[in-house]
Amino acid sequence: MDLKAKKKRSVWIPVVTGLIRKNGKILLGLRPQGESLAGSWEFPGGKIDQGESPEFALKRELMEELGIDAEVGKLRMVHTHSYGERGVLLVFFDIHFWKGEPKKLYHEDLKWAEAEELETLQIPEANRNILKQLIQIIKEPI
């Protein structure tokens, strides 16, 4: 293969996600209008900034998005997905303990959903591709 003919490397965005569970349900946020994937229900979290560890980034994002001081738990899954020229590297962590009540600081709405309900909601394609694995994790006892 001619290395000079190699395609331009696509852009990858590292994203951390919190699986926040309470009473057998999972917390979801509705992405706001004007943002990419607006109107989709997502697991809270966000991009890892330069120089941040995934755990630190998730703790920061959950404070910014939900106003909670979260204790980042076990790494549960890592997944990649491409949206055209851009790709996302999704890193999922358990969040079992936090201080404060989640608030709509970023999302249009918040909801505590049953695991099976995820199949009926509009969720990002990157999450839909691994929905069976996510539902298994959500159903595990804490």
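A brief look at the structure comes next. All figures in this text were calculated on a predicted structure; none of them were measured in a lab.

What to know about helix α3 (residues 131-139)
Argument step 1. Three or more residues of α3 are buried, namely Leu131, Leu134, Ile135, Ile137 and Ile138. All buried residues of α3 lie within an arc of 160° about the axis, which places them on one face of the element. Facing away from the buried side of α3 by over 90 degrees, the exposed positions are Lys132, Gln136 and Lys139.
Argument step 2. Elements that come into contact with the buried residues of α3 comprise β1 (11-22), β2 (25-30), β5 (69-83), β6 (86-99) and α2 (125-128).

Observations regarding the pattern of salt bridges
Argument step 1. Scanning all chains against the criterion turns up 14 salt bridges.
Argument step 2. A salt bridge links arginine 21 to aspartate 94, with the shortest nitrogen-to-oxygen separation between them at 3.2 Å. With arginine 21 in strand β1 and aspartate 94 in strand β6, the pair connects residues that are 73 residues apart, well separated along the chain. Grouping residues by exposure puts arginine 21 and aspartate 94 together as buried.
Argument step 3. Residues glutamate 140 and arginine 76 are paired through a salt bridge, measuring 2.7 Å at the closest nitrogen-oxygen approach. In this pair, glutamate 140 sits in the segment after α3 while arginine 76 sits in strand β5, placing the two residues 64 residues apart along the sequence.
Argument step 4. Through salt bridges with shared partners, one network takes in Asp49, Glu52, Arg60, Glu61 and Glu64.

Calculation rules
- Residues numbered from 1 in each chain as written.
- Predicted model: local features only at pLDDT ≥ 70, side-chain atom pairs only at ≥ 80, totals over all residues.
- Heavy atoms only, no water.
- Buried < 20%, exposed > 50% of the residue type's maximum accessible area, 1.4 Å probe, protein only.
- Helix = DSSP H or I, 4+ residues; strand = E, 2+ residues; numbered from the N terminus.
- Arc of directions from axis to C-beta.
- Contact = heavy atoms within 4.5 Å.
- Salt bridge = Lys/Arg side-chain N within 4 Å of Asp/Glu carboxyl O.

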